[in-house]
4 protein chains.
Amino acid sequence: MLTSETFIRVRYGETDRMGYVYYGVYALYYEVGRVEAFRKLGFSYKELEERGILMPVLNFSIDYKKPALYDELICVKTFVKAYTEGPRFPFDYECYNEKNELLNTGRVVLAVLNKESGKPCRLPSWFTDELKKHFNP
Amino acid sequence: MLTSETFIRVRYGETDRMGYVYYGVYALYYEVGRVEAFRKLGFSYKELEERGILMPVLNFSIDYKKPALYDELICVKTFVKAYTEGPRFPFDYECYNEKNELLNTGRVVLAVLNKESGKPCRLPSWFTDELKKHFNP
Amino acid sequence: MLTSETFIRVRYGETDRMGYVYYGVYALYYEVGRVEAFRKLGFSYKELEERGILMPVLNFSIDYKKPALYDELICVKTFVKAYTEGPRFPFDYECYNEKNELLNTGRVVLAVLNKESGKPCRLPSWFTDELKKHFNP
Amino acid sequence: MLTSETFIRVRYGETDRMGYVYYGVYALYYEVGRVEAFRKLGFSYKELEERGILMPVLNFSIDYKKPALYDELICVKTFVKAYTEGPRFPFDYECYNEKNELLNTGRVVLAVLNKESGKPCRLPSWFTDELKKHFNP
C-alpha cells in the first residue's frame, strides 16, 4: 500500500461564515495529499503531465464527520490501497485535526489519459515500476 | 419534486491549467443550485440560518463526465426528489453545458441542526409547509 | 467611457469566519466585471485569447470600505475611463451592495501580450474599432 | 523590522487556464505570510481574534512581475517595516519562486478593530510588547 501523510494549515480564506472550512476546500486538500503521495514515488504529478499523461478526476466523494477550524494543522492521510496500472486510479483519504479526531473520509478516482489523444491509457512503466515497490508480490 | 435550474458563467479563476473547471469548484456551483432551489420556496438559506437552523454538508459525491470550460454558461439542475423534514436533507444534481451535454451528476446531503444546541433537528413547519406543496399527496 | 454593471450573488463559500466576503474574492468579482465590460463590445475575453491576445494582470489594488455579506446581490461597476490600444489596459471598479452602499473601489491593469511571442503588443483593430465607439472623438 | 519567510507549494486548483497562479490567489498567500509573521511574535492571529481584536483588510495592492507556476515552492517574504500600535497595520510583501526570481511585490493594510464595538482601536500591550522587540529603540 502506498500511503502519505501531509499537513495543511487551514487558511482564513478557506473558512466560511459558519466558522468551518468550506466543504469544497477539501478537494484542494485531497489534491495536495495525492500529489505528495506521488512525490514519495520519486516524481511529481507535474512530471507525469510533462511526460504525456493527464489525470483528471472521474469521481469524488466525501463524508464529513467533524468540521476543520481556522488555523488548525490538518493531517491528510492518502492511501493507494491496491496496485493499479490505470486507466482508473483510486485514492482513499482520511483527514484528522490536531486532536487526532477524524474529520472526514473520502475517495477520488482519477482517469489516466494520454495527453495527445485524450484517450484512457495505462500508466507508463517508469511510474508503475516505482509504484509496484509499495505492494507485496 | 422540487426542481431548480440555475445558470452560472464559468470564471477564469475557476479554471485550472488543464483548461477545465477545477473539480472542487462544483461544490460552489452545487451550493448556488440548492440556495436557488430554496429561494423557490419563498425564502433564502440565509433566512434559515437567521431563524436558528444550520445545514452543514454531511456527504458530497460527484461523477464527472465532461469538463466545463472557461466562459461557458453552465446549467445546474437541482432536485429534491422526496419530501423530507430532516435531519438529513438530500439534493441531487445534474450540470449541463451550453450544448446541453451532461457534465456531471452529484449528490449533496445536508444535516439539519439546531443552531443553538448544534444537535440534529426537524425542519420548522414554516419551511416544510412550503416544501410540501411541491410533492404529491 | 466604457462602463458595465454586473450583478453577483455572494456564495456561502466566498465568506470567511468573520462573516464577510473574503478580501481575495473580489479578484474574481472584478474579473467578472471586466469580462462583461468586454462583452458589451461584442466579443468575449475568451475570443481575444483565441485570436492570439493574452491579458494577464499587471497590478491590482483595492480599498475596502464596507464588507459584503452572504447572499447579497453585489453590483460591480467597471469603467474603462480612457481609450487605449495597449499594451497596458486599465479598469476601474466600484462595488455596491443592495442598499447602494459603496463596498470598495479598485483598479486592475492588464498587460496586452501577443500569445505566441509573450511580448507586449497593441490590441487588434477589430477590438479597438469597437472600443473607440465608446469614447468621444 | 519584523520579517518572516513562508514557503507555499502551488496547488493545481490555484492555477488557471493560462497555466499561471490566478492573480487573486496571492491574497491567500499573503494571508499565510502575515499569519506566520504574527506567529513569530509568539501568538497566532486566531488568538488575537479570541482576545477581542478583529483585523479586516483595508487595502490590498500587488504588482505582478512574473507568474508562479504549478507545483513551484513559492517563498513569501513578509515585512512589518515600522513599529505600530494601530489602528492601521501595514504589511509589505515579496514573493519569489525557486530560482529566486521576484514574482510580485505588494502591500496589505489591516484595520485594528475592537471585536465588540467594531470600532478602530490600539493593539493590546501583550501584543505590542512582543512586537517592540523587533524594532530598534
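Refer to the structure above for everything that follows.
Residues numbered from 1 in each chain as written. Chains lettered and ligands numbered in written order. Predicted model: local features only at pLDDT ≥ 70, side-chain atom pairs only at ≥ 80, totals over all residues.

### Details of unusual backbone geometry
At step 1: Cis peptide bonds are those with omega within 30 degrees of zero, and the linkage from glycine 86 of chain A to proline 87 of chain A qualifies with 5 degrees.
At step 2: Summarising the element assignment, proline 87 of chain A is placed in the loop between strand S4 (73-80) and strand S5 (88-96).
At step 3: Phi at aspartate 71 of chain A takes a positive value of approximately 75 degrees, unusual for a residue other than glycine.
At step 4: Mapped onto the secondary structure, aspartate 71 of chain A falls in the loop between strand S3 (57-64) and S4.
At step 5: Its identity as a non-glycine residue notwithstanding, asparagine 100 of chain D has a phi of 65 degrees, on the positive side. (Helix = DSSP H or I, 4+ residues; strand = E, 2+ residues; numbered from the N terminus.)

### Overview of the relation of the copies chain C and chain A
One copy of the chain maps onto the second through a rotation about an axis and a displacement along it.
At step 1: Aligned on chain A, chain C shows an RMSD of 0.0 Å; the corresponding rotation is 180 degrees and the shift along the axis is 0.0 Å. Both copies of the chain, as the preceding transformation shows, are related through a two-fold rotation axis.
At step 2: When the interface residues of chain C are mapped onto chain A, 100% of them again fall at the interface, so both copies present the same face. (Least-squares fit on C-alpha atoms with pLDDT ≥ 70 in both. Contact = placed C-beta atoms within 7 Å.)

### Describing the interface of chain A and chain B
At step 1: Each side of the interface is counted separately: chain A has 17 residues, and chain B has 17 residues.
At step 2: Elements represented by at least two residues in the side of chain A that touches chain B include exactly helix H1 (26-39) and S3 of chain A.
At step 3: It is S3 of chain A that contributes the most residues to the side of chain A that touches chain B, eight residues altogether.
At step 4: Tallied by class, the residues present in the side of chain A that touches chain B amount to 13 nonpolar, three polar and one charged.
At step 5: Two elements, S3 of chain A and strand S3 (residues 57-64) of chain B, share five bridges in a ladder whose sense is antiparallel. Paired with isoleucine 62 of chain A across the bridge in S3 of chain B is phenylalanine 60 of chain B. (Nonpolar A, V, L, I, M, F, W, Y, C, P; charged D, E, K, R; others polar. Pairing = 2+ DSSP bridges.)

### Regarding the pairing of S3 of chain B
At step 1: Pairing of S3 of chain B with strand S6 (residues 102-111) of chain B involves seven bridges; the strand directions are antiparallel. For serine 61 of chain B, the partnering residue across the bridge sits in S6 of chain B and is arginine 107 of chain B.

### Quick notes on the interface of chain C and chain A
At step 1: The interface is formed by nine residues belonging to chain C together with nine residues belonging to chain A.
At step 2: Grouping the constituent residues of the side of chain C that touches chain A by class yields three nonpolar, four polar and two charged.

### A short note on the environment of lysine 40 of chain C
Residues and elements named next belong to chain C.
At step 1: Structurally, the position occupied by lysine 40 is in the loop between helix H1 (26-39) and helix H2 (45-50).
At step 2: For lysine 40, a count of 14 C-beta atoms within 10 Å translates into the label partly exposed.
At step 3: Considering only alpha carbons, one finds lysine 40 and proline 137, 97 residues apart in sequence, at a separation of 19 Å.
At step 4: Here lysine 40 is in contact with Leu2 and Ser4, once residues within four sequence places are set aside. (Buried ≥ 20, exposed ≤ 12 C-beta atoms within 10 Å, placed from the backbone.)

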